[in-house]
Amino acid sequence: MKNLVSKYNNDKLYEDIIKNQSEKNIFSKFISIASKKNTNYNLYIEIDEKKFNDLKDEIAQDVNIECIEPKVIINDEKISYKKGEDGSKLDEEALYNDIKEGINSRNLLKENIIINAKLIKDSPKISIDDLKLINHKVSTYTTTYGSGNSRGSNVENAANKIDDLLLMPGEEFSYENAIGPVIASNGYKYAPVISNGKLVDGIGGGVCQVSSTLYNTQLNAGIIPTERRNHSKAVNYVPRGLDATLASGIIDYKFKNTYEYPLVINTKAVNGKLTIEIWSNEDALKGIEYKPVSYVSGNVANTYLYGYDKDGNKVYEKHIDTSVYR
């Protein structure tokens, strides 16, 4: 208990005593003294918030059981749904109040204070019914890579980390958060990377092929990036202006699910062929087919996204980005 006590509020105790005595008249005070009647006062004990939080986190780590969110699983062209499961977590507010009440209890020095921590249900935030709205392959894009080496291993590792990744409407995807950290203990190896326009050996070489392949899949799905940077040097697996690089802690690649429906990313990287798909509802694109086009002039590429209706009429046009290479 001593570890939880921040301070004893002696000033509050003093105020209560003075207030109690000042409200009595002389006759009442005389009776109190003559009868030798005791007056009990509470010593107000305040909790050290940091110590409480440390204790709370320690207990939570032991007792919390995380809920399992429902999931969409895509294998080839088959889609299936896995139900979520309830979990339980520490009721932190109740624990705080029970400890505070126990510490300020009159029985504190007479007996041990036993507090039974309460648990509350932790339910999935995503509804399986919402996920069942995902019923259609919206877009796809394929690139090739050399397999059987460190770079190929990095491509496959990064692709596997975003497979079956779910984005709810309005949710933002961060490539760095999804595949990182790009370190050896997370399955990445040393392979050639582009740094300042030159190829050098670095951890995770090849992960940008996955982000670039996803970038093209995303554009084909009619979704605009919220953050994207091109490589300093042009790559050979996608056209200029259609690559997306990653520099951990410096440059990320992001986009938001702008659909009214959930979407899921499906990846397959095997035998030197990387395919990334976006699945959502059959009405997500509202009948529009999207196509990114990059216009290259020297070291500069301007990328546009066009949208066409079912009759082939252009109904959408947007300049996406200007990429400059060395």
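Note that the coordinates shown come from a computational prediction; the quantities given were computed from them, not determined experimentally.

### Some remarks on the layout of surface pockets
Within this model, the largest pocket holds a volume of roughly 760 Å³. The wall of the largest pocket is formed by 31 residues, among which Val-193, Ile-194, Cys-208, His-231 and Thr-245 lie closest to the centre. If you list the elements that add at least two residues to the lining of the largest pocket, you get β10 (190-195), β11 (198-203) and α8 (207-220). Looking at the lining of the largest pocket, the element that brings in the most residues is β10, giving four residues. Class assignment for the residues of the lining of the largest pocket results in 15 nonpolar, twelve polar and four charged. Taken as a whole, the second largest pocket spans an internal volume of roughly 410 Å³. Lining the second largest pocket we find 18 residues, and of these Met-1, Leu-4, Leu-55, Ile-99 and Ile-115 sit closest to its centre. Counting only elements with at least two residues in the lining of the second largest pocket, the list comes to α3 (49-63) and α4 (92-103). Residue contributions to the lining of the second largest pocket peak at five residues, all from α3.

### Considerations on the sheet that holds strand β12 (residues 225-227)
Pairing in this open sheet of three strands is antiparallel, and the strands run β9-β13-β12 from one edge to the other. A strand with exactly one partner marks an edge of an open sheet, and here the two such strands are β9 (172-174) and β12. For this sheet, the mean angle separating the axes of adjacent strands, direction not counted, is 30 degrees. Across three bridges, the pairing between β9 and strand β13 (residues 254-256) is antiparallel. Within β13, the residue paired with Phe-173 across the bridge is Phe-255. Seen against the sheet, α8 touches β9, β12 and β13 and runs at an angle of roughly 135 degrees to β12.

### Topic: the packing of helix α6 (residues 150-161) against α8
Each pair of packed helices can be described by the angle between their axes along with the distance between the axes. Running from N to C, α6 and α8 point in directions that differ by 45 degrees, and their axes come no closer than 7 Å. Compared by their axis directions, α6 and α8 come out oblique. Considering only the axes of α6 and α8, their crossing is right-handed. Touching Arg-151, Asn-154, Val-155, Ala-158 and Ala-159 of α6 are Val-207, Gln-209 and Val-210, all from α8.

### A few points about unusual backbone geometry
Residue Gly-180 is joined to Pro-181 through a cis peptide bond whose omega torsion reads -5 degrees. Within the secondary structure, Pro-181 sits in the loop between α7 (175-179) and β10. Despite not being glycine, Asp-76 has its phi angle at roughly 55 degrees, a positive value. Its location among the elements puts Asp-76 in the loop between β3 (71-75) and β4 (78-82). Looking at Asp-76, the relative accessible area reads 55%, which means it is exposed.

### Considerations on the sheet that holds strand β14 (residues 263-270)
Spatial ordering of the open sheet is given by β7-β15-β14-β8, a layout of four strands whose pairing is antiparallel. The strands lining the two open edges of the sheet, one partner per strand, are β7 (136-144) and β8 (165-167). On average, each strand axis in the sheet is inclined to that of its neighbour by 20 degrees, with strand direction left out of account. As paired elements, β7 and strand β15 (residues 273-280) share eight bridges and run antiparallel to each other. Considered in β15, the bridge of Ser-139 is made with Ile-278. Together, β14 and β15 form the strand contacts of α6, whose direction differs from that of β14 by roughly 155 degrees.

### Points about the nonpolar core
One broad trend across soluble globular proteins is that nonpolar side chains are buried collectively. Counting residues in each nonpolar core, the largest one holds 42 residues, and the members touching the most others are Ile-162, Phe-173, Tyr-175, Ile-179, Val-210 and Ile-265. Among the elements of the structure, α6, β8, α7, α8, β14 and β15 are those that each provide at least two residues to this core. Broken down by element, this core gets its largest block of residues, six residues, from α8. Beyond its immediate sequence surroundings of up to four residues, Ile-265 is in contact with Ile-162, Asp-163, Asp-164, Leu-165, Phe-173, Leu-214, Phe-255, Ile-276 and Glu-277.

### Side note on the environment of Pro-225
Inspection of the secondary structure assignment puts Pro-225 in strand β12. Look at Pro-225 and you get buried, because its relative accessible area is 17%.

### Points about the packing of aromatic side chains
Counted by the stated rule, this structure contains ten aromatic pairs. Here the aromatic rings of Phe-173 and Tyr-253 are separated by 6.2 Å at their centres, their planes lie at 70 degrees, and the arrangement is edge-to-face. Taken together, the residues Phe-173 in strand β9 and Tyr-253 in the loop between β12 and β13 connect sequence positions 80 residues apart. Of the two residues, Phe-173 and Tyr-253, neither departs from the other in class, the shared state being buried.

Rules and cut-offs
Residues numbered from 1 in each chain as written. Predicted model: local features only at pLDDT ≥ 70, side-chain atom pairs only at ≥ 80, totals over all residues. Heavy atoms only, no water. 1 Å grid on protein atoms, 1.4 Å probe; cavity = no way out; pocket = protein on both sides within 12 Å on 5 of 7 lines; lining within 4 Å. Points joined across faces, edges and corners; volume = space filled by probe spheres on them. Helix = DSSP H or I, 4+ residues; strand = E, 2+ residues; numbered from the N terminus. Nonpolar A, V, L, I, M, F, W, Y, C, P; charged D, E, K, R; others polar. Pairing = 2+ DSSP bridges. Axes fitted to C-alpha atoms, helices over the stretch in contact; angles between N-to-C directions. Contact = heavy atoms within 4.5 Å. Parallel < 35°, antiparallel > 145°, perpendicular 65-115°, else oblique. Left-handed = near helix turned anticlockwise from the far one by under 90°. Buried < 20%, exposed > 50% of the residue type's maximum accessible area, 1.4 Å probe, protein only. Core = buried A, V, L, I, M, F, W, Y, C linked by side-chain atoms within 4.5 Å. Phe/Tyr/Trp six-rings, centres within 6.5 Å; stacked < 30°, edge-to-face > 60°.

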